[in-house]
Amino acid sequence: MTVEKFDAIVVGAGMSGNAAAYTMASRGLKVLQLERGEYPGSKNVQGAILYANMLETIIPDFRDDAPLERHLVEQRFWVMDDTSHTGMHYRSDDFNEPAPNRYTIIRAQFDKWFSRKVRAAGAIVLCETTATELALDADGKVIGVHTDREGGIIHAEVVVLAEGVNGLLGTRAGFRKVPKPEAVALAVKEMHFLPEEVIAERFGLSGDQGCVIEAAGTISRGMAGLGFLYTNKESISLGIGCLVSDFAATMERPYALLEAFKGHPSIRPLLAGSEIKEYAAHLIPEGGFKAIPQLFGNGWVVVGDAAQLNNAVHREGSNLAMTSGRIAGEAIAMVKSRGRPMTSENLSLYKAMLDKSFVVKDLRKYKDMPALIHTNSRNFFMTYPQLLSQAAQNFVRVDGTPKIEKERATTAAFVKARSRWGLVSDAVRLALAWR
Amino acid sequence: MTTSLVRIEDKLYQNRYLVDTGRPHIKVRQHQSPSSNLLALTLVCPANCYEVNEDGEVEITADGCMECGTCRVLCEESGDIDWSYPRGGFGVLFKFG
């Protein structure tokens, strides 16, 4: 009896798994991809914004048939207190380019499309199959996976762990740890449906133009967190996420936070009359460079969220996932084409290539940011937003108070809340973490 | 509670699930009094799967679970819960994600 053996098994059909499977299959490798959902995308949750460049590197003509919602022409950053927002808006006609830079997408639809490309490239995609454990030989080399289907081990030269932030296989095998509560954010999100023309009118958009709002402040009630609103063609993705450690400490209910965000006077009119069709929750890796686990070993590599490859400062996740999946696929194909075995030594090529890419360079740049935000969340997400709102209102409201008195009052409020030393210290620490 | 004017049941009702009846993918270990993290789950779980029962124990009804992993991150290491994914095809099925 012959036992079928694959060159590679990819666990998971999200961004990183699809990129890895596509890259290897299109280079002629015999690839099996396992997905526990009914269809690719049925277990995946994201905001979601797609960065064109990283997908273009993998599928150059993706714009021809990928399900894209809107291309983004405007980005708003809001600092919020309970009744106000102080914002910076950036809008440019430059984004109305022939090959736009960023799009909103709906993951369940996008992942189905990406998976069709993976199949067309020659990979076998097996859905409704939960991989339960890695299979190891006596020397500890990964030789395949166990699944919840009958039939024993499925064998492969190498397993690509694209199993997401909450992946089981790598942690069960001891290759990496379950993320710490301070290294992951829990985000909750709703899909609000509105007619296309209503969305266009409310956000000043035409055609397939889109707008993004990202908001921080008292909406996270002193926890380290971020709210977001993304315009899709006929819907709005609205969500908020905070560190799991902060949720556990404050015992805030995530959906109560979401309800309060929806009810904020700056958000409420943007959603008025919408029909809600889905409520989702998902963890987001926030640990940054210092949380990246061992990336490869004998017979395995780990990619995407499972490897904590997420740039929280720039809110970039899926493009790091796609890029790490592509690079892992390229590295494996190179090892294979040289006729070498998938040992730890040979698979270290993946890490060497990833280190040279923007993925690790960007994460290294912000390596101190997660700890700074985590330990100062009350100042950054409660005190400063309130002070900023007071200062802006003080500046704008005309009430006969001499301007010099207004300025003094604003300065005094900042000094009283954080002290001169505290203000300087916060600024310096933020600058250092950003540098 | 005044914090949640909207009932979580109404939110979860929007979602599509294929429940694996009689085979919950998460189990709470028997305990005398719940740990602080286990108790936190009664508020922090975004699907409100965890509740304190009459005996003061935290119990789980995993039917509405969105498989986010928050409870795993908070309670697996201490042994408070046993965490797995549902069998292939079962559990939450996002239409949009």
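Residues numbered from 1 in each chain as written. Chains lettered and ligands numbered in written order. Predicted model: local features only at pLDDT ≥ 70, side-chain atom pairs only at ≥ 80, totals over all residues. Heavy atoms only, no water.

1. Quick notes on the overall build of chain B
- Scanning chain B for helices and strands turns up 3 helices and 6 strands.
- The C-alpha atoms of chain B give a radius of gyration of 14 Å, which matches the 13 Å a tight globule of 97 residues would have.
- Its C-alpha atoms give chain B principal-axis dimensions of about 40 × 35 × 25 Å.
- Of all 97 residues assigned to chain B, the portion counted as buried reaches 48%.
- On chain B, roughly 5000 Å² of surface is accessible, and the fraction owed to carbon and sulfur atoms is 47%. (Helix = DSSP H or I, 4+ residues; strand = E, 2+ residues; numbered from the N terminus. Rg over C-alpha atoms; globule rule 2.2 N^0.38 Å. Buried < 20%, exposed > 50% of the residue type's maximum accessible area, 1.4 Å probe, protein only. Areas by Shrake-Rupley, 256 points an atom, 1.4 Å probe, with all protein chains shown as cover.)

2. Comments concerning the interface of chain A and chain B
- At the junction of the two partners, chain A supplies 53 residues and chain B supplies 44 residues.
- A combined buried area of about 4000 Å² lies between chain A and chain B, and 56% of that area is made up of carbon and sulfur atoms.
- At the junction of chain A and chain B, the tally comes to 6 salt bridges.
- Counting across the interface, chain A meets chain B through 29 residue pairs in polar contact (both at pLDDT 80 or more).
- For the side of chain A that touches chain B, the elements supplying multiple residues, two or more each, are α3 (107-120), α4 (169-172), β11 (184-193), α6 (244-250), α7 (254-263) and β15 (275-285) of chain A. (Contact = heavy atoms within 4.5 Å. Buried area = accessible area lost by both parts, 1.4 Å probe. Salt bridge = Lys/Arg side-chain N within 4 Å of Asp/Glu carboxyl O. Polar contact = N/O pair within 3.5 Å; in protein donor to acceptor, adjacent residues only side chain to side chain.)

3. A look at helix α14 (residues 403-418) of chain A
- Between its first and last C-alpha, α14(A) extends 23 Å over 16 residues, near the 22 Å set by a 1.5 Å rise per residue.
- Two residues or fewer after α14(A) comes Ser419(A), characterised by a positive phi angle close to 65 degrees. (Expected span 1.5 Å × (residues − 1).)

4. Re empty space enclosed by the protein
Residue and element names in this part refer to chain B.
- In this structure the tally under the stated criterion is 1 cavity of 30 Å³ or more.
- The computed volume of the largest cavity comes to approximately 120 Å³.
- Lining the largest cavity are 16 residues, with Cys45, Pro46, Cys65, Cys68 and Cys71 positioned closest to its centre.
- Grouping the amino acids of the lining of the largest cavity by side-chain chemistry returns 13 nonpolar, 2 polar and 1 charged. (1 Å grid on protein atoms, 1.4 Å probe; cavity = no way out; pocket = protein on both sides within 12 Å on 5 of 7 lines; lining within 4 Å. Points joined across faces, edges and corners; volume = space filled by probe spheres on them. Nonpolar A, V, L, I, M, F, W, Y, C, P; charged D, E, K, R; others polar.)

5. Section: the packing of helix α9 (residues 318-337) of chain A against helix α11 (residues 358-365) of chain A
Residues and elements named next belong to chain A.
- Close contact between α9 and α11 brings their axes to 9 Å; oriented N to C, the two are set at 135 degrees. Taken as axis vectors, α9 and α11 run oblique relative to one another. Contact with α9, carried on its side by Asn319, Leu320 and Thr323, involves Phe358, Val359 and Leu363 of α11 and no other residues of that element.
- Partitioning the contact of α9 with α11 into residue classes produces 4 nonpolar, 2 polar and no charged. (Axes fitted to C-alpha atoms, helices over the stretch in contact; angles between N-to-C directions. Parallel < 35°, antiparallel > 145°, perpendicular 65-115°, else oblique.)

6. Side note on a negative patch on the surface
Residues and elements named next belong to chain A.
- A contiguous patch of negative charge on the surface is contributed by Glu196, Glu197, Glu201, Asp208 and Glu234.
- The residue Asp208 is located in the loop between α5 (196-203) and β12 (209-217) in this model.
- The class of Asp208 is partly exposed, set by a relative accessible area of 39%. (Patch = residues over 30% accessible without salt bridge, like charges linked within 9 Å, V, L, I, M, F, W, Y side chains within 5 Å. Lys, Arg positive; Asp, Glu negative; His and termini not counted. Charge placed at Lys NZ, Arg CZ, Asp CG, Glu CD.)

7. A short note on the packing of aromatic side chains
All names here are of chain A.
- Enumeration according to the criterion identifies 11 aromatic pairs over all chains in this entry.
- Geometrically, the ring pair formed by Tyr366 and Trp434 is edge-to-face, given 5.4 Å between the ring centres and 70 degrees between the ring planes. Of this pair, Tyr366 sits in the loop between α11 and α12 (369-375) while Trp434 sits in helix α15 (residues 420-434), and the two are 68 residues apart along the sequence.
- Tyr366 sits in the buried class, given a relative accessible area of 7%.
- Taking relative accessible area as the criterion, Trp434 reaches 44% and is therefore assigned partly exposed.
- Grouped by ring-pair contacts, the aromatic residues Phe110, Trp113 and Phe114 constitute a single cluster.
- Here the guanidinium or amino end of Lys30 rests over the ring plane of Phe6, the centre of that ring lying 5.4 Å away. (Phe/Tyr/Trp six-rings, centres within 6.5 Å; stacked < 30°, edge-to-face > 60°. Lys NZ or Arg CZ within 6 Å of the ring centre and 35° of its normal.)

8. Thoughts on α11(A)
Residue and element names in this part refer to chain A.
- Burial in α11 covers these residues: Val359, Val360 and Leu363. Seen along its axis, α11 keeps its buried residues to an arc of 85 degrees; they face one direction.
- Buried residues in α11 make contact with α9 and α10 (344-356). (Arc of directions from axis to C-beta.)

9. Notes on the domain arrangement of chain A
All names here are of chain A.
- What the domain assignment reports for chain A is domain 1 (5-67 + 105-177 + 288-366), domain 2 (181-285) and domain 3 (370-434).
- The C-alpha-based centres of domain 2 and domain 3 are spaced at 25 Å.
- Facing the 13 residues of domain 2 at the interface are 8 residues of domain 3.
- Among the residues domain 2 hides against domain 3, the three largest losses belong to Thr218, Gly222 and Ala224. Together they make up 50% of the total.
- At the boundary of domain 2 and domain 3, one finds 0 salt bridges.
- The interface formed by domain 2 and domain 3 contains 2 residue pairs in polar contact (both at pLDDT 80 or more).
- Looking at the side of domain 2 that touches domain 3, the elements that each hand over two or more residues are β12 and α6.
- Grouping the constituent residues of the side of domain 2 that touches domain 3 by class yields 4 nonpolar, 6 polar and 3 charged. (Domains from an automatic or database assignment.)

10. Remarks on unusual backbone geometry
- That bond from Gly47(A) to Ala48(A) is cis: its omega, 15 degrees, falls within 30 degrees of zero.
- One non-glycine residue with positive phi stands out, namely Glu67(B), at about 60 degrees.
- Mapped onto the secondary structure, Glu67(B) falls in the loop between β4 (58-60) and α3 (70-75).

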